[in-house]
Amino acid sequence: MAKTKGTRIKKDATTLTFDIIKIFLLSIVALLCTLPFLIILSGSFSNNSIVMKEGFGLLPKGFNTDSYDRLFRTPKDILQAYKMTIYYTLVGTSLGLLMITLTSYVLSRPEFKYRNNVSFLIYFTTIFGGGMVPWYLMYTSVLGLKGSTFAIWFPALMSPFLIIIMRTFIKESVPDAITESAKIDGAGHLTIFTRIVLPVIGPGLATVGLFLALGYWNDWYRSSMFSRSNETWSLQFYLYNMINSTQAALMLAQSANISLSDLPTVTLRMAMAIVATGPVLLVYPFVQRYFISGITIGAVKG
């Protein structure tokens with residue numbers, strides 16, 4: 001047991017040993033989680049031919065910046081892709097948070113008579129869907145959004161999974177007694193939502209916002225379907241096309257018996273991973289504590 005001396009708590013040998021073992025094991029786990037990213041980072045600064053022969057390592061092999069030189073050969077294009085991805089992420093995350101939070105608030109209210117029916121319809125879409133072809137025709141033929149940036153961020157605004165998370169968070173964080181008291185004092189739903197609900201669901205907003213932001217940031221599929229110009233390409237789709245063009249150049253060179261040993265095929269992918277994940281790694285630490293408290297909502301109740 002820990003011994004108390006004045007205001008200081010002195011740990012006994014058992015507790016101290018346990019803390020040392022705990023820190024040691026957690027350090028190993030943290031190192032194992034960090035190693036893959038370090039290997040990707042070193043691979044992006046390695047010589048492609050050396051990597052093809054010897055594999056990757058924690059330190060760059062034949063240090064060079066050929067991959068980044070090729071990646072930023074046309075800086076205007078990649079900056080445009082970054083700009084569009086930031087635009088899709090900010091607009092989609094902001095509007096998605098608004099719509100998901102409002103929908104979840106309505107579904108969490110016991111006075112809404114058809115809340116169970118609407119919740120079932122929302123959940124039903126996770127089990128059965130119309131398919132990709134009807135979904136594509138709806139946005140292109142019916143709504144006429146082919147080539148519009150609206151079609152790239154609009155379809156991902158609402159997610160049944162995120163609605164369920166937010167509805168659960170609101171029900172757990174805002175007791176019905178509080179909203180009933182506010183109604184007795186004359187508050188309407190807008191006042192309850194803005195002054196009572198929103199101030200206490202910060203972790204839920206951070207969790208849902210992080211899911212939405214990551215979804216928009218990593219998306220390339222909608223750009224491939226709806227974009228008519230490279231001016232509207234997302235970053236992921238731009239990198240995807242660069243990989244395809246590099247592979248096509250390599251295959252043409254091989255068919256013509258031309259050596260392209262200096263073409264950074266493998267290390268280019270590592271550089272693309274760094275470029276695509278860098279901004280996410282910078283933002284995630286600021287929302288991590290909200291994300292952890294939000295994702296575990298409902299795990300402990302009482």
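So, a few notes on the structure that sits alongside this text.

About the cut-offs
Residues numbered from 1 in each chain as written. Predicted model: local features only at pLDDT ≥ 70, side-chain atom pairs only at ≥ 80, totals over all residues. Heavy atoms only, no water. Salt bridge = Lys/Arg side-chain N within 4 Å of Asp/Glu carboxyl O. Helix = DSSP H or I, 4+ residues; strand = E, 2+ residues; numbered from the N terminus. Buried < 20%, exposed > 50% of the residue type's maximum accessible area, 1.4 Å probe, protein only. Patch = residues over 30% accessible without salt bridge, like charges linked within 9 Å, V, L, I, M, F, W, Y side chains within 5 Å. Areas by Shrake-Rupley, 256 points an atom, 1.4 Å probe, with all protein chains shown as cover.

## A word on the pattern of salt bridges
Alright, step 1. Overall, the coordinates contain four salt bridges when judged by the stated rule.
Alright, step 2. One salt bridge connects D19 with K22, and the closest N-O pair in it is separated by 3.6 Å. Remark: K22 and D19 occur in helix α1 (residues 13–44); sequence separation between them is three residues, near one turn of the helix.
Alright, step 3. With relative accessibility at 13%, the residue D19 sits in the buried group.
Alright, step 4. Classification of K22 as partly exposed rests on a relative accessible area of 37%.
Alright, step 5. Residue D176 pairs with R109 through a salt bridge whose shortest N-O separation is 3.9 Å. In this pair, D176 sits in helix α9 (residues 176–184) while R109 sits in the loop between α4 (75–108) and α5 (115–124), placing the two residues 67 residues apart along the sequence.
Alright, step 6. Residue R109 is classed as buried on the basis of its relative accessible area, which comes to 4%.

## As for a nonpolar patch on the surface
Alright, step 1. A cluster of nonpolar side chains, namely F37, L38, I39, L41, F56, L58, L59 and L281, defines an oily patch on the protein surface of about 690 Å² accessible area.
Alright, step 2. Counting residues per element, the nonpolar patch draws most heavily on α1, at four residues.
Alright, step 3. Positionally, F56 belongs in the loop between α2 (48–54) and α3 (66–71).
Alright, step 4. With relative accessibility at 36%, the residue F56 sits in the partly exposed group.

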